[in-house]
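# Residue-level structure breakdown
For reference, the chains in residue letters:
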Amino acid sequence: KAGVTQTPRYLIKTRGQQVTLSCSPISGHRSVSWYQQTPGQGLQFLFEYFSETQRNKGNFPGRFSGRQFSNSRSEMNVSTLELGDSALYLCASSLRLAGGQADTQYFGPGTRLTVL
Amino acid sequence: GESVGLHLPTLSVQEGDNSIINCAYSNSASDYFIWYKQESGKGPQFIIDIRSNMDKRQGQRVTVLLNKTVKHLSLQIAATQPGDSAVYFCAGDAGNMLTFGGGTRLMVKP
């Protein structure tokens, strides 16, 4: 079974631009979560989508948004990029068990975003 | 633990020795815990997990211990190999939202 895939792997943008990152979950997984990883703040939760609905949201400004499609693929968008948005953006997928019980999240390789 | 920073704590071990990596968590709502391994240029890779109704779980060469009283997790790696060199993160899951520890860098000396 193929793992989580993310595109593109690398991106370079300038301040003020916007960017869209894409994530394809493991086949059969309906939950997709996004995380930001930086040397200073470590790994931080951005948001989770399940059945095309945002279920959880971390403490990030509204410039960070996402969506999920009917095939469970997800995109995240960052508008008005700032230098501090430079990071590795990771996507993780899980089955999300019935009753809301936590299930293992499997990560993709990430998208390395550099903002100049 | 859940402190973060540019300088990860480092554990250096001799090949063949056992490694113990510790993690403290602060979110009492976490009921599911996972250890991930992250190699340079890659995303975190699942190693082993444990639910809050257990205090020990064993995998192949790895064991996770959970002490809910003091909110502490540990990962034990038996017979550490050069391929185990990576950064290791513990994560607590509260409703499909992971909270990560700061990570520990494991270096294996041949």
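A brief structural summary. (Residues numbered from 1 in each chain as written. Chains lettered and ligands numbered in written order. Predicted model: local features only at pLDDT ≥ 70, side-chain atom pairs only at ≥ 80, totals over all residues. Heavy atoms only, no water.)

## Focus: the nonpolar core
- Membership of the largest hydrophobic core comes to 21 residues, with the highest contact counts inside it found for Trp34(A), Leu46(A), Phe64(A), Met76(A) and Tyr89(A).
- Once you skip the residues sitting within four places of it in the chain, Leu46(A) turns out to touch Trp34(A), Tyr35(A), Gln36(A), Lys57(A), Gly58(A), Phe60(A), Phe64(A), Met76(A) and Tyr89(A). (Core = buried A, V, L, I, M, F, W, Y, C linked by side-chain atoms within 4.5 Å. Buried < 20%, exposed > 50% of the residue type's maximum accessible area, 1.4 Å probe, protein only. Contact = heavy atoms within 4.5 Å.)

## What about the side chain of Thr111(A)?
- Mapping Thr111(A) onto the fold places it in strand β11 (residues 111-115).
- Setting aside residues up to four positions removed in sequence, Thr111(A) forms contacts with Gln6(A), Thr7(A), Pro8(A), Arg9(A), Leu21(A), Ala87(A), Leu88(A) and Tyr89(A). (Helix = DSSP H or I, 4+ residues; strand = E, 2+ residues; numbered from the N terminus.)

## Things to note about the pairing of strand β8 (residues 86-93) of chain B
All names here are of chain B.
- Counting buried positions along β8 yields eight of eight residues, so the element is predominantly enclosed.
- In this sheet, β8 lies alongside strand β3 (residues 32-38) in antiparallel orientation, the contact comprising seven bridges. Residue pairing for β8: Ile-34 is matched across the bridge by Ala-91.
- Bridging between β8 and strand β10 (residues 104-109) involves three bridges; their strand directions are antiparallel. When the bridges of β10 are listed, Val-87 appears paired with Arg-105.
- In this sheet, strand β9 (residues 98-100) lies alongside β8 in antiparallel orientation, the contact comprising three bridges. (Pairing = 2+ DSSP bridges.)

## Some remarks on the sheet that holds strand β2 (residues 19-24) of chain B
All names here are of chain B.
- Spatially, β2-β7-β6-β5 is the arrangement adopted by the four strands of the open sheet, whose pairing is antiparallel. Strands at the two margins of the open sheet, each flanked by one partner only, are β2 and β5 (56-58). Within the sheet, the average angular offset between the axes of one strand and its neighbour, ignoring direction, is 15°.
- In terms of strand pairing, β5 meets strand β6 (residues 62-67) through three bridges, oriented antiparallel. Within the sheet, the bridge partner assigned to Arg-57 lies in β6 and is Val-64. (Axes fitted to C-alpha atoms, helices over the stretch in contact; angles between N-to-C directions.)

## Here's the deal with the sheet that holds strand β1 (residues 5-7) of chain A
Residues and elements named next belong to chain A.
- Overall, antiparallel pairing links the four strands, which are arranged β1-β3-β8-β7 in an open sheet. Across the chains shown, the open sheet's two edge strands, defined by having one partner strand only, are β1 and β7 (64-68). When strand polarity is set aside, the average angle formed by the axes of neighbouring strands in this sheet is 20°.
- In terms of strand pairing, strand β3 (residues 19-24) meets strand β8 (residues 74-78) through five bridges, oriented antiparallel. Across the sheet, Thr-20 pairs through a bridge with Asn-77, a residue of β8.

## Considerations on the environment of Val13(B)
Residues and elements named next belong to chain B.
- Positionally, Val-13 belongs in strand β1 (residues 10-14).
- Residue classification places Val-13 among the buried positions, given a relative accessible area of 8%.
- The spacing of Val-13 and Leu-106 is 93 residues in sequence and 7.6 Å in space, taken between C-alpha atoms.
- In contact with Val-13, other than residues within four places in its own chain, are Asn-18, Ser-19, Thr-80, Leu-106, Met-107, Val-108 and Lys-109.

## Observations regarding the pattern of salt bridges
- Across all of its chains, the model carries seven salt bridges over all chains by this definition.
- The salt bridge partner of Arg63(A) is Asp85(A), with a shortest N-O separation of 2.8 Å. In this pair, Arg63(A) sits in the loop between β6 (53-57) and β7 while Asp85(A) sits in the loop between β8 and β9 (87-94), placing the two residues 22 residues apart along the sequence.
- Two residues, Asp49(B) and Arg57(B), come together in a salt bridge whose shortest N-O distance is 2.2 Å.
- The class of Asp49(B) is buried, set by a relative accessible area of 11%.
- A relative accessible area of 35% places Arg57(B) in the partly exposed class.
- Among the ionic contacts, a cluster of salt bridges with common partners joins Arg63(A), Glu82(A) and Asp85(A). (Salt bridge = Lys/Arg side-chain N within 4 Å of Asp/Glu carboxyl O.)

By themselves, these observations are geometric and do not establish any function.
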